[in-house]
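For reference, the chains in residue letters:
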Amino acid sequence: MENTMKRQKIECWQCKRIFTLLIDTAGEPTLTKACPYCHAPLKLAFGGEPQNIITVMRGAAKSQPQEITVYQLPEILESSDPSLPQ
Ligand SMILES: [Zn+2]
């Protein structure tokens, strides 16, 4: 299966430091994580349009093409305070 895990640079909304988290771009478009520096809770919203990609497992006996949805992420993903209303 296509590897949808991505090392994503994230900017903390509170301390403004940039760090890297491993996130699943085929997962939920909104994730809640925590800053490794100041431990602030972070809400990460995947921007943009989701993209459907077709993956086929190579060499598998019963390989079925599989459609998965991934999100295109910017180089540095901004975070926001999850306790704030939208
Ligand atoms: Zn922080």
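Up top you'll find the structure we're talking about.
> Looking at this model, I keep getting lost on the environment of Leu84. Mind explaining?
In this structure, Leu84 sits in the segment after strand E7 (76-80). Its 8 C-beta neighbours within 10 Å are what place Leu84 among the exposed residues.

> I keep staring at unusual backbone geometry and nothing clicks. Help me out?
Across the chain, the bulk of peptide bonds are trans and the bulk of non-glycine residues have phi less than zero. Positioned with a positive phi, Lys16 is a non-glycine residue whose angle comes to about 70°. Positionally, Lys16 belongs in the loop between strand E1 (5-11) and strand E2 (18-24). By C-beta crowding, Lys16 is classed as exposed, having 9 other C-beta atoms within 10 Å. Of note, His39 is a non-glycine position whose phi angle comes to about 65°, a positive value. Considering the arrangement of structural elements, one finds His39 in the loop between strand E3 (30-34) and strand E4 (41-45).

Rules used in this analysis
Residues numbered from 1 in each chain as written. Predicted model: local features only at pLDDT ≥ 70, side-chain atom pairs only at ≥ 80, totals over all residues. Helix = DSSP H or I, 4+ residues; strand = E, 2+ residues; numbered from the N terminus. Buried ≥ 20, exposed ≤ 12 C-beta atoms within 10 Å, placed from the backbone.

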